[in-house]
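Residue-level structural notes
Chain by chain, the residues run as shown.
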Amino acid sequence: MNMVTSVASKVSIQEQVLSLLDQLPPFSPVLNRVLATLANEEASLGQLTGLIETDSVLTGNILKVVNSPLYGRRATINSVRYAAALLGTVKIRNLVLGLSISRRWAGVAVPMRWSPRQFNLHSLACAVLSDLLALESPVPYPEGAFVAGLLHDVGKLLIAIAAPQEIGQLLDRRAKADCNIQECERELVGVTHSGISGLVLEKWNLPAPIRRAALTHHCPDTANEGHLHLAHVVQTADWFANQGAAPSPYASSLDETSQASLQQFGLLDQLEKVKENFQKEFEALHSVL
């Protein structure tokens, strides 16, 4: 393949990836409205629980999680409204988004070598851990940490669907630690998964800090002129999940510069404080998927 053909091929792949923004399975009306509450700080607890209760499957899954050993309730919680009153608006919304989006992505047609289960578990692990880390850190907009962690890698899913041959090459090269993820993607596909993730979240009209975190989670110091940002939290969660809890289909490493940055903000120390709670919460959510 000559250079002109190669460049044309990459442009074609990039166009295919971007076109998939309109081809992902549509969200349910309930999920769309719950996502909209992220940008509406005035959304009430009553409005949120009213939305959830219109979906019987979602309601059942939420109650299964809140009645799990994770929350240690002696009495059975039998209504979403009661669960929301105990856990709060942000936590109940996170449960809805984590359970709903993971289930929806599980049904997407992907190449043989792509593991929907592995992708879903990694996304969920990053969401849970990002949320816990944000509670321990003075990061701006901590209520967006769960969603930023959950959606940071959606660009990988789109690349896998649009470019099955290239995704196989990416998996092979990362298995050999042959190149940096972003460099591999630019070389083979012409786009990066973080760039695509940022575009997806912009299309879904999610708040700017969440979009920025997805876009810059591999270079978080660029997110807010070197100040602590959700992108640092997501990078920390991504790195930890890749160490064994739930690795990404093609995982990233943490270079010395990134490690120093996360250490500076105390995020690596915070990991030690939240590990136990992370495992409990992750297992509780994982059990209903």
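Residues numbered from 1 in each chain as written. Predicted model: local features only at pLDDT ≥ 70, side-chain atom pairs only at ≥ 80, totals over all residues. Heavy atoms only, no water.

**What about the overall build of the chain?**
The secondary structure content of the chain amounts to 16 helices and 0 strands. A globule of 289 residues ought to have a C-alpha radius of gyration of about 19 Å, and the chain, at 19 Å, matches this closely. Pairs at least 24 residues apart make up 71% of the contacts formed inside the chain by residues separated by at least 6 positions. Carbon together with sulfur atoms contributes 51% to the accessible area of the chain, which is approximately 13100 Å² in total. Both charge centroids of the chain, one from 23 positive and one from 27 negative side chains, sit 7 Å from each other. (Helix = DSSP H or I, 4+ residues; strand = E, 2+ residues; numbered from the N terminus. Rg over C-alpha atoms; globule rule 2.2 N^0.38 Å. Contact = heavy atoms within 4.5 Å. Areas by Shrake-Rupley, 256 points an atom, 1.4 Å probe, with all protein chains shown as cover. Lys, Arg positive; Asp, Glu negative; His and termini not counted. Charge placed at Lys NZ, Arg CZ, Asp CG, Glu CD.)

**Quick word on the environment of F265**
Mapping F265 onto the fold places it in the loop between α15 (256–264) and α16 (267–286). As a C-alpha pair, F265 and V108 span 157 residues in sequence and 37 Å in three-dimensional space.

**Topic: the environment of G107**
Following the sequence through the fold, G107 ends up in the loop between α6 (89–105) and α7 (116–136). Judged by its relative accessible area of 65%, G107 falls in the exposed class. Along the sequence, G107 and S79 sit 28 residues apart, while their C-alpha atoms lie 28 Å from each other. (Buried < 20%, exposed > 50% of the residue type's maximum accessible area, 1.4 Å probe, protein only.)

**As for the packing of aromatic side chains**
This model, assessed by the stated rule, comprises 4 aromatic pairs. Consider the rings of W105 and F119, whose centres lie 5.3 Å apart with planes at 50 degrees: the pair is tilted. With W105 in helix α6 and F119 in helix α7, this residue pair connects regions lying 14 residues apart in the sequence. Residue class for F119 comes out buried when judged on its relative accessible area of 2%. (Phe/Tyr/Trp six-rings, centres within 6.5 Å; stacked < 30°, edge-to-face > 60°.)

Nothing here speaks to function; it is geometry throughout.
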